[in-house]
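# Results of the structural survey
Here is how the chains run, residue by residue.
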Amino acid sequence: MTDGRLKVALLTREYPPEVYGGAGVHVTYLARELASLVDLTVHCQGKDRPDAVAHRPWDLLAGTNQALQTISADLSMTAGAEGADLVHSHTWYANLGGHLASLLYGIPHVATMHSLEPLRPWKAEQLGGGYALSSWCERVSATAAAAVIAVSDGMRADILAAYPEIDPERVRVIRNGVDTSEYAPDPSVDVVERYGIDPGRPYVVFVGRITRQKGVPVLLRAAARLDPETAVAFWSSSASCGPAPAVALRELVAAAKVSGDWSAALALTDKMTTAALPTICYGDWEQFQIHNTALEKGRMDAAGWMVAGPNRPPYHVVPDRIKEFGRIAGESWAALQREYEPLVQKMREAK
């Protein structure tokens, strides 16, 4: 205790300005609120920053599997948590650090679960054998934690199903909150009307990466059962740079299924892949994970088909190199839009 206040070590991979996902946003606001209630020290991973203690993988592990590097950062976080009365970790990236701190210092470990490794088998495609390590980190940490926080009722049910050895009494639901001074209802419809969206019609809108881990197949199956008057829309960052390449690819694939000639569809696929490479920092996944919001907005603005708007905190600190990647990606996609827009128009007229 410090001045009568509980001393808490908050362990997280993401923290401003390096935030790339929902867990990072959650931790950002949680830390802000906890700071007035407890003696809080935030331990994060990545570059140094003034309001948190940063931990990085060991230099000797450079170039090795990402999961192995993360575990080395967790060991550093464990050492940094010395003196805390309680340790609170978020996601598998930091769970092991919390678990080891609990063992080493004899303090309670509270683990917040935002997602579950057993329910994300596709990560084996990204991490290879590292997926077995990330799964082990989560399991050993969650099953031994003094308390587990689920961010929804559904997550609580998933936790108990994935890890039946956890006593249900140790799993509590604390839902993600929002700052109502920043996020408030806006009854005006001028923006949606400007873009031709009927505010009187119900919409189901998906915003995110159109990948299977985001549950797109589930939404597609559910869409078949929706009222026919309901419009289902998928907000893809690539299509937001200009829809012609994606529409053209759909039509070329349909034609190839009939003719057996896939050359045109494959050629466009190669072009789309090349245009997208700067968006993923040419394969530098660590930088992409940190700056993906700025990269996506940057390429949308550069493409010129729509205005994405400014980067809001905690995403507003953007290195020049990342801005340049976004510009190149946007201009490359805009070139594809110009190239394939006449083809799409021709296809529409043919129908």
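For the structure given in this document, a descriptive report is provided here.

About the thresholds
- Residues numbered from 1 in each chain as written.
- Predicted model: local features only at pLDDT ≥ 70, side-chain atom pairs only at ≥ 80, totals over all residues.
- Heavy atoms only, no water.
- Helix = DSSP H or I, 4+ residues; strand = E, 2+ residues; numbered from the N terminus.
- Buried < 20%, exposed > 50% of the residue type's maximum accessible area, 1.4 Å probe, protein only.
- Contact = heavy atoms within 4.5 Å.
- Polar contact = N/O pair within 3.5 Å; in protein donor to acceptor, adjacent residues only side chain to side chain.
- Salt bridge = Lys/Arg side-chain N within 4 Å of Asp/Glu carboxyl O.
- Expected span 1.5 Å × (residues − 1).
- Bend = angle between axes of the 7 residues up to and from the residue.
- Patch = residues over 30% accessible without salt bridge, like charges linked within 9 Å, V, L, I, M, F, W, Y side chains within 5 Å.
- Areas by Shrake-Rupley, 256 points an atom, 1.4 Å probe, with all protein chains shown as cover.

What follows concerns the environment of Glu138. Considering the arrangement of structural elements, one finds Glu138 in helix H5 (residues 130-144). With a relative accessible area of 1%, Glu138 lands in the buried category. A sequence separation of 44 residues divides Glu138 from Ala94, and the C-alpha atoms of the two residues are 9.0 Å apart. The contacts of Glu138, once residues within four sequence positions are left out, are Trp92, Asn95, Met113, Ser115, Leu116, Glu117, Pro118 and Tyr163. Side chain to side chain, Glu138 and Tyr163 meet in a polar contact 2.6 Å long.

With that out of the way, let us pick up the pattern of salt bridges. Between side chains of opposite charge, a pair can form as their charged atoms come close. One pass over the structure, following the stated rule, counts 11 salt bridges. Here Glu33 makes a salt bridge to Arg32, at a shortest N to O gap of 3.5 Å. The partly exposed category is assigned to Glu33, whose relative accessible area is 45%. One salt-bridge network, held together by shared partners, links Arg32, Glu33, Asp179 and Glu182.

Taking 1.5 Å of rise per residue, the 19 residues of helix H11 (residues 285-303) would be expected to cover 27 Å, yet its terminal C-alpha atoms sit only 23 Å apart, more than 12% below that figure. Helix geometry: H11 is bent most strongly at His291, by close to 80 degrees. Buried within H11 we find Gln287, Phe288, Gln289, Ile290, His291, Asn292, Ala294, Leu295, Glu296, Arg299, Met300 and Ala303. Just past H11, the residue Gly304 takes up positive phi, approximately 85 degrees.

Turning next to a nonpolar patch on the surface. Together, Val189, Val192, Ile197, Tyr203, Val205 and Val207 make up an exposed nonpolar region whose accessible area comes to about 460 Å². Residue contributions to the nonpolar patch peak at three residues, all from strand S8 (residues 203-207). Here Tyr203 is to be found in strand S8.

Attention shifts here to the environment of Cys281. Looking at where Cys281 falls in the secondary structure, it is placed in the loop between helix H10 (263-276) and H11. Not counting the four nearest positions on each side in its chain, Cys281 is found in contact with Gln287, Phe288, Leu295, Ile322 and Phe325.

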